[in-house]
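Understanding the architecture of this molecule
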Amino acid sequence: MSKIALITGATAGIGEACAHVFARERYDLILTGRRTDRLEKLSTQLKKEYNVDSKLLTFDVRDREEVISNLEALPDEWKKVNVLVNNAGLSQGLDPIQNGSYDDWETMIDTNVKGLLYVTKVVSNWMISNGFGHIVNLGSIAGKEVYPNGNVYCASKHAVDALNKGMRIDLLPYGIKVTAVHPGAVETEFSEVRFKGDKTRAKKVYDGFEPLVAKDIAETIWFAVSRPAHVNINELIVMPTAQATATNIFRK
Ligand code: NDP
Ligand code: 8X3
């Protein structure tokens, strides 16, 4: 069997781009997300283009029981996961703390922090049994800096940064690699999700400069994963050339 990559949030953006890059590199794929129709379309496309096999798992990463039961139901040969890309995540709203929505806060913390933990616990145990594995966590510049109104999203990504460092230490004795990739602005569905379908507001985020595209981050992840066995990239911050920090963007 080929090597296997498990990518969470493969229905859009960075996760979908990772699926293409890993398929190109002849990995079989476990693709997850909530939108089954998109997973099915992607799997058909990847089979046609690269002749790779995919297992599709539809679950909400916030639902602990769903995460565990879907992952554990995989056939044993699909549990030989070489690479886990913990990518599923989102932002909801952009409000000062005093006006924040409880629901938005819970959605971000449950998805970005708890969802990532649920998937990691199951898959890291497989990796320990298998004696190999590499976990790649999608952090953010929001996990390195805090910007106005970013409060809870930034907190959730700071948590990912801490978890990445913690995993690296805890999984060290097992030879499992752990990497965080922290992107700046990437034009995906991210801003549309943050602004709850307001496409005009979402578009404005990327006005006047060239943001990253999902493939830029997928290729960075592939770079980290394809290093020699004795090399671990602990973390990488990847920004558009026109963006120096979370808030310093040079717009024309
Ligand atoms: P997209 O909105 O394009 O994709 C997000 C993916 O996450 C989708 O596949 C979505 O699948 C999945 N997802 C979201 N919530 C859940 C859930 N509850 N259960 C399962 N899957 C879920 O965004 P990006 O590709 O940009 O984001 C990917 C990651 O990169 C996120 O962690 C984000 O925080 C991070 N990031 C993004 C940046 C950007 O500027 N775009 C910059 C820095 C980091 P579905 O809706 O089908 O469930
Ligand atoms: C996404 C990038 O700057 O909106 O993590 O936080 S930002």
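Read on for an overview of the structure.

Rules used throughout
Residues numbered from 1 in each chain as written. Chains lettered and ligands numbered in written order. Predicted model: local features only at pLDDT ≥ 70, side-chain atom pairs only at ≥ 80, totals over all residues. Heavy atoms only, no water. Salt bridge = Lys/Arg side-chain N within 4 Å of Asp/Glu carboxyl O. Buried < 20%, exposed > 50% of the residue type's maximum accessible area, 1.4 Å probe, protein only. Helix = DSSP H or I, 4+ residues; strand = E, 2+ residues; numbered from the N terminus. Near = heavy atom within 4 Å. Polar contact = N/O pair within 3.5 Å; in protein donor to acceptor, adjacent residues only side chain to side chain. Areas by Shrake-Rupley, 256 points an atom, 1.4 Å probe, with all protein chains shown as cover. Nonpolar A, V, L, I, M, F, W, Y, C, P; charged D, E, K, R; others polar. Expected span 1.5 Å × (residues − 1). Arc of directions from axis to C-beta. Pairing = 2+ DSSP bridges. Axes fitted to C-alpha atoms, helices over the stretch in contact; angles between N-to-C directions. Core = buried A, V, L, I, M, F, W, Y, C linked by side-chain atoms within 4.5 Å. Contact = heavy atoms within 4.5 Å.

The next subject is the pattern of salt bridges. Applying the stated criterion across every chain, the model contains 16 salt bridges. Taking the shortest distance from any N to any O, the salt bridge between aspartate 60 and arginine 62 comes out at 2.7 Å. Assessed through its relative accessible area of 32%, arginine 62 is described here as partly exposed. Note that lysine 144 is salt-bridged to aspartate 161, the shortest N-O span being 3.2 Å. A residue pair is termed long-range when its members are at least 10 positions apart, and lysine 144 in the loop between β5 (134–138) and α5 (151–170) and aspartate 161 in helix α5 qualify at 17 residues. Owing to a relative accessible area of 28%, lysine 144 belongs among the partly exposed residues under this scheme. The structure contains a network of salt bridges with shared partners spanning Arg24, Glu25, Lys215 and Glu219.

So, about the site of ligand 2. Around ligand 2, the surrounding shell consists of Ser140, Ile141, Ala142, Tyr147, Tyr153, Phe190 and Arg194. With respect to ligand 2, the side chain of tyrosine 153 contributes an N or O atom lying 2.6 Å from an oxygen atom. In the model, an oxygen atom of ligand 2 is placed 3.3 Å from a nitrogen or oxygen of the arginine 194 side chain. Protein chains shield 84% of the accessible area of ligand 2, which is 240 Å² for the free molecule. Broken down by class, the residue content of the shell around ligand 2 amounts to five nonpolar, one polar and one charged.

Take helix α2 (residues 36–50) next. With 15 residues, α2 should reach 21 Å at 1.5 Å per residue; the first-to-last C-alpha distance of 21 Å fits that figure. Taken residue by residue, α2 has Leu39, Leu42, Ser43, Leu46 and Tyr50 as its buried positions. In an axial view of α2, the angular spread of the buried residues amounts to 100 degrees, which keeps them on one side of the axis. Seen from the open side of α2, the exposed residues pointing more than 90 degrees away from its buried face are Asp37, Lys41, Thr44 and Lys48.

With that settled, consider the sheet that holds strand β1 (residues 4–7). An order of β3-β2-β1-β4-β5-β6-β7 is seen for the seven strands of this open sheet, with the pairing classed as parallel. Of all strands in the sheet, those bounded by a partner on one side alone are β3 (54–58) and β7 (235–238). Across the sheet, the mean angle separating the axes of adjacent strands is 15 degrees when strand polarity is ignored. Alignment of strand β4 (residues 83–86) against β5, held across four bridges, turns out to be parallel.

Now for unusual backbone geometry. Where the residue is not glycine, phi is negative for most of them; where a peptide bond is considered, it is trans in most cases. Residues other than glycine seldom take positive phi values, yet asparagine 51 does so here, at roughly 55 degrees. Tracing the chain through its elements places asparagine 51 in the loop between α2 and β3. Phi angles above zero are rare outside glycine, and lysine 196 is one such case at about 50 degrees. Considering the arrangement of structural elements, one finds lysine 196 in the loop between α6 (190–194) and α7 (199–204).

Note on soluble globular proteins: their nonpolar side chains tend to be buried together. Counting residues in each nonpolar core, the largest one holds 32 residues, and the members touching the most others are Ile7, Phe22, Leu29, Leu31, Leu46, Ile217 and Ile221. Of all elements in the fold, only β1, α1 (13–24), β2 (28–33), α2, β4, β5 and α8 (214–225) reach the threshold of two or more residues within this core. With seven residues, the top contributor of residues to this core is α1. Beyond its immediate chain neighbours, meaning those up to four positions away, leucine 31 contacts Ile7, Ala10, Ala19, Leu39, Leu42, Leu46, Ser54, Lys55, Leu56 and Leu57. Counting 25 residues, the second largest nonpolar core, distinct from the first, contains Ile30, Leu71, Val123 and Trp126.

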